[in-house]
Amino acid sequence: MTADTAHPPVKYSRVMLKISGEALMGDQGFGLHPPTVARIAAEVKSVRDLGVEVCMVIGGGNIFRGLAGSAQGMERTTADYMGMLATVMNALAMQSALEQMGVFTRVISAIPMDQVCEPYIRRRAVRHLEKKRVCIFAAGTGNPYFTTDTAATLRANEMACQAIFKGTKVDGVYDKDPKKHADAKRYEHVSYDECLAKHLGVMDASAIALARDNNLPIIVFSLDEPGGFRGILAGQGTYTTVQG
């Protein structure tokens, strides 16, 4: 079997997958649900098996959310650092699930913690991707006041990713919440400025502005759809592209 027939042609060769911490909870109200982590890991493996180089950023909201902590009277910077540590825990869980499937994975933290994971060194991270290892970027940007959405956009630019895949609970960007409104309209394509002007909630404003300034497409799709991530890369499935 030749390389051309082994895999369907894919649209992108290096991508960033951004998922929320809540995506790892399953039906629980808190923490990690190992079967859900394993299911998402299998999706990532299926894409890696197409020959695509995969980076990941995972939020920390299933364990601790900095904004929620600061809203309850905690100092914002301390709350944000706690949120960053939560993302490291999620990254380690995903690394464990991927490596059990035979996928070589590196957790790369913006906050150095050498016993647990690698520090962020851009050239080393690029080399991991070239060797077809999955790179999970943890601890956000390493700075308070920046979300994991912004971290994902920053790392995607640094790694020269061709698109950000934002895995959510719905199959794209809608003009209003489709779970509350039966007449909600899904966009096939929406511009960065429209996302910002209409507060469509794709990502926070800093992340969208950073993607816009570097013309990095954001592809919003449902993480609950089995095979959805792989399907989009092979040119199928339902999703919204944010670009232009």
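Residues numbered from 1 in each chain as written. Predicted model: local features only at pLDDT ≥ 70, side-chain atom pairs only at ≥ 80, totals over all residues. Heavy atoms only, no water.

Asks: Residues and numbers for helix α2 (residues 34-48), please.
Replies: The end-to-end C-alpha distance of α2, which contains 15 residues, comes to 21 Å, matching closely the 21 Å that a straight helix rising 1.5 Å per residue would cover. The elements touched by buried residues of α2 are β1 (14-19), β2 (53-58), α4 (76-100), β5 (134-138) and α9 (228-233). (Helix = DSSP H or I, 4+ residues; strand = E, 2+ residues; numbered from the N terminus. Expected span 1.5 Å × (residues − 1). Contact = heavy atoms within 4.5 Å.)

Asks: Lay out the UniProt feature "binding site: ATP" (unreviewed entry) in the protein with the relevant residues and their values.
Replies: Annotation from UniProt places "binding site: ATP" (unreviewed entry) at K18, I19, S20, G21, G61, R65, T168, Y174 and D177. The annotated residues occupy 160 residues of the chain and do not converge on a single region, their most distant C-alpha atoms lying 24.9 Å apart. Residue position: G21 is located in the loop between β1 and α2. The class for G21 is buried, based on a relative accessible area of 0%. The contact partners of G21, leaving out residues within four places of it in the chain, are I58, G59, G60, G61, N62 and N90. Setting aside chain neighbours within four positions, we find T168 in contact with V220, F221, S222, L223 and D224. Reaching out from T168, the side chain makes a polar contact with the backbone oxygen of V170 at a distance of 2.7 Å. (UniProt positions renumbered as here; feature names shortened; annotations may be inferred. Buried < 20%, exposed > 50% of the residue type's maximum accessible area, 1.4 Å probe, protein only. Polar contact = N/O pair within 3.5 Å; in protein donor to acceptor, adjacent residues only side chain to side chain.)

Asks: Explain the pattern of salt bridges residue by residue, including any values.
Replies: In this structure the tally under the stated criterion is 18 salt bridges. The shortest N-O distance in the salt bridge between D80 and R76 comes to 3.0 Å. Highlighted residues: D80 and R76, both in helix α4, separated by four residues, approximately one helical turn. Linking R124 and E118 is a salt bridge whose minimum nitrogen-to-oxygen distance equals 3.8 Å. Under the relative-accessibility criterion, R124 is labelled partly exposed at 37%. On the accessibility criterion, E118 (18% relative accessible area) is buried. (Salt bridge = Lys/Arg side-chain N within 4 Å of Asp/Glu carboxyl O.)

Asks: Describe the packing of α2 against α4, listing the residues and the values that go with them.
Replies: Packing of α2 against α4 leaves a shortest axis separation of 9 Å and a crossing angle of 60°. Both α2 and α4 take part in a crossing whose hand is right-handed. Of the residues in α4, those in contact with V37, A38, I40, A41, V44 and K45 of α2 are A93, M94, A97 and L98. Classifying every residue of the contact of α2 with α4 by side-chain character gives nine nonpolar, no polar and one charged. (Axes fitted to C-alpha atoms, helices over the stretch in contact; angles between N-to-C directions. Left-handed = near helix turned anticlockwise from the far one by under 90°. Nonpolar A, V, L, I, M, F, W, Y, C, P; charged D, E, K, R; others polar.)

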